[in-house]
Each structure stands twice: as C-alpha cells, then as structure tokens.
Amino acid sequence: MYRAAQQAISTENGRVFLKNEPSRGETYAEILQRNNLPVVEVEAIANTAASESQQSSDNKVVRICVGKNENSDWQQYAFQSFGAQFAEVRIHPRLGQVRVTRFVSAIDVGRILNHKTARSQILGGITFGLGMALMEETVLDQNSGRLVVRNLADYHVPVHADIGDIDVIFIDKPDPHISKMGVRGVGEIGITGVAAAVANAIYHATGKRIRDLPITPDKLL
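Summarised in this report is the structure supplied together with it. Since we're looking at a predicted model, the values are computed, not measured. (Residues numbered from 1 in each chain as written. Predicted model: local features only at pLDDT ≥ 70, side-chain atom pairs only at ≥ 80, totals over all residues. Heavy atoms only, no water.)

Thoughts on the pattern of salt bridges
Alright, step 1. The final tally for this structure, using the stated rule, is six salt bridges.
Alright, step 2. For the salt bridge of arginine 184 with aspartate 108, the shortest nitrogen-to-oxygen distance reads 3.2 Å. Taken together, the residues span a long stretch of sequence, with arginine 184 in the loop between strand E9 (165-170) and helix H3 (194-206) and aspartate 108 in strand E8 (residues 98-108) at a distance of 76 residues.
Alright, step 3. According to the relative accessible area criterion, aspartate 108 is partly exposed, its value standing at 23%.
Alright, step 4. Among the charged side chains, a network of salt bridges with common partners joins Asp108, Asp175 and Arg184. (Salt bridge = Lys/Arg side-chain N within 4 Å of Asp/Glu carboxyl O. Helix = DSSP H or I, 4+ residues; strand = E, 2+ residues; numbered from the N terminus. Buried < 20%, exposed > 50% of the residue type's maximum accessible area, 1.4 Å probe, protein only.)

In structure tokens:
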C-alpha cells in the first residue's frame, strides 16, 4: 500500500487494504507492532486544536485532532436539547397525599424522525421524574449503613394508577447547524425539570417550599 492514494484504501474487519486488490493489506495490530506503538488514540477536539496532528513526547501515542476552523458552528450556537415542564397537582388537605393530575412537556430536540418513539421516550422520562418527585427514595439503616429498601416491594416506583394525563408537545423544528438532518438528542431531556415542576406546583398549592426529594405526605403536614 506504499504511496497508494487515500481514495484507493479501504478498511474492514480490522484491516487496511487496497480497494482494487483486497489481498494486499495489513491488520491494525501489524501496523502498530511494526511501528512499536501499543495503541493509537484518535481525538476530535472542536475549536481548541492548535494543529492538525500532535505526537506525544515518548512516541507511544499519536493524537490526531481537527483544526480550529472545523465545526465553527460550535463556537456560535448551543446544541443542547431544551424543554419546558408544567404540572398540575391535587393535594389532600388532611392526608398530604399528592396526585399529579396533568402534566405537559414542551420539547425542542430539532427534527423529530419518529414521533411515536420520541413521544414514548418523553413519556418514560416524565414517569421517571414523577417517581423521583414523589416516591423513589433510598433509605439507609443509621446503625449498620445498609440499605433498608432493597427490592421493588419496598422501593416505590410509579405504576399506571399513579400517572394522570400527560401531553407531549414537540417543536419539531430542524436545527440547521447541528447536522444536515437537523436532529438533536431525545435521551434524558424528558426527565429534566419534572421534579422541579411538581415541587413548584406543590408550592403554588400549599405555600410550602419542599427542597428534599421525594415530597412525601409527612413533609406537607
């Protein structure tokens, strides 16, 4: 492959070889062994790389970096996903029992490729967040330091009966700067802000600002 053009080389199954003559090639392990390199690291550093490539002083690791002018949009725009959460709660005045009767989540994650799976992701995140806000708690034995809640019989999580109406709204506007498809992550954004929205709704209903989760009836009485 000596002096072969970049366009003439391909990689597959841990080998580098010529496209028009696949039998001529080497494995990555052979290349590293011949150059006395135990490992090769490749890093993509946006906006901070001062040069196209850097080599460590001990000649053991090679780092390949992108140039300063690449991915220039990262200098001007934020690519996080965003969401706004709204909760409606009802609280029993004598028992302190909290019910989230309605929850609305407005989400901006760029272009939505699959509305059904994206909505299901947000619904799951909201359900997790409601558990965080009202039920889930790790309790330690003060004498032994062991967990008191060690199974799902003791560790309370939301079930269908605990979940009220949930409305998920997607802005569904492609992000023109993050990629050609205009999509951003729909991972953890569903849970972010849910517990805070519930705590704010409880404060609006009772005048009590609870800052420790979960918000259980004993904290409201």
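Having seen it, we continue.
Quick word on the side chain of serine 105
Alright, step 1. As for its position among the elements, serine 105 is in strand E8.
Alright, step 2. By relative accessible area, which is 0% here, serine 105 ends up buried.
Alright, step 3. Of note is the side chain of serine 105, whose polar atom sits 2.8 Å from the side chain of glutamine 85.
Alright, step 4. Each residue touching serine 105, except ones within four places of it in the same chain, is listed here: Ala84, Gln85, Ile122, Ile126, Asp167, Val168 and Ile169. (Polar contact = N/O pair within 3.5 Å; in protein donor to acceptor, adjacent residues only side chain to side chain. Contact = heavy atoms within 4.5 Å.)

Thoughts on the packing of helix H2 (residues 115-134) against H3
Alright, step 1. At a minimum axis distance of 8 Å, the contact between H2 and H3 shows a crossing angle of 50 degrees. When the axis of H2 is compared with that of H3, the two are oblique. As H2 runs across H3, the sense of the crossing is right-handed. Seen from H2, the contacting residues are Gly125, Ile126, Gly129, Leu130, Met132, Ala133 and Leu134; seen from H3, they are Val194, Ala195, Val198 and Ile202.
Alright, step 2. Split by residue class, the contact of H2 with H3 holds nine nonpolar, two polar and no charged. (Axes fitted to C-alpha atoms, helices over the stretch in contact; angles between N-to-C directions. Parallel < 35°, antiparallel > 145°, perpendicular 65-115°, else oblique. Left-handed = near helix turned anticlockwise from the far one by under 90°. Nonpolar A, V, L, I, M, F, W, Y, C, P; charged D, E, K, R; others polar.)

Overview of the sheet that holds strand E2 (residues 15-18)
Alright, step 1. Across the sheet, which stays open at both edges, the three strands sit in the order E1-E2-E3 with antiparallel pairing between neighbours. A single partner strand is all that each edge strand has here, and the edge strands are strand E1 (9-12) and strand E3 (21-27). Looking at each pair of strands side by side, their axes are set apart by 35 degrees on average, direction ignored.
Alright, step 2. When E2 meets E3, the two strands line up antiparallel, connected through four bridges. (Pairing = 2+ DSSP bridges.)

Structural notes on the nonpolar core
Alright, step 1. Residues Phe103, Ile126, Leu134, Phe170, Val198 and Ile202 are the most contacted members of the largest nonpolar core, which totals 27 residues.
Alright, step 2. Looking at this core, the elements that each hand over two or more residues are E8, H2, E9 and H3.
Alright, step 3. Dropping the residues within four chain positions of it, isoleucine 126 is found in contact with Phe103, Ser105, Ile166, Val168, Gly190 and Val194. (Core = buried A, V, L, I, M, F, W, Y, C linked by side-chain atoms within 4.5 Å.)

Some thoughts on the sheet that holds strand E7 (residues 82-91)
Alright, step 1. The mixed open sheet is built from three strands, whose spatial order is E7-E8-E9. Because the sheet does not close on itself, it has two edges, and the strands there are E7 and E9. Geometrically, the sheet is characterised by an average inter-axis angle of 10 degrees between neighbouring strands, direction not taken into account.
Alright, step 2. Two elements, E7 and E8, share ten bridges in a ladder whose sense is antiparallel. Residue pairing across strands places glycine 83 opposite isoleucine 107, the latter belonging to E8.
Alright, step 3. Helix-sheet contacts for H2 involve E8 and E9, and the interaxial angle to E9 is about 130 degrees.
Alright, step 4. Sitting on the sheet, H3 touches E7 and E8, and the angle it makes with E7 is about 40 degrees.

With respect to H2
Alright, step 1. Look at H2: 28 Å from first C-alpha to last across 20 residues, which is about the 28 Å you get at 1.5 Å a residue.
Alright, step 2. Taken together, the buried positions of H2 are Ala118, Ile122, Gly125, Ile126, Gly129, Leu130, Gly131, Ala133 and Leu134.
Alright, step 3. At its buried positions, H2 is contacted by E8, E9 and H3.
Alright, step 4. You can read the cap of H2 off the contacts: a side-chain oxygen lies 3.1 Å from the backbone nitrogen of lysine 116, and it is on asparagine 114. (Expected span 1.5 Å × (residues − 1).)

A short note on the pairing of E2
Alright, step 1. Examined bridge by bridge, E1 and E2 share four bridges and lie antiparallel to one another. Bridge pairing in E2 links threonine 11 to valine 16.
Alright, step 2. Two successive antiparallel strands, E2 and E3, enclose a turn made up of two residues.

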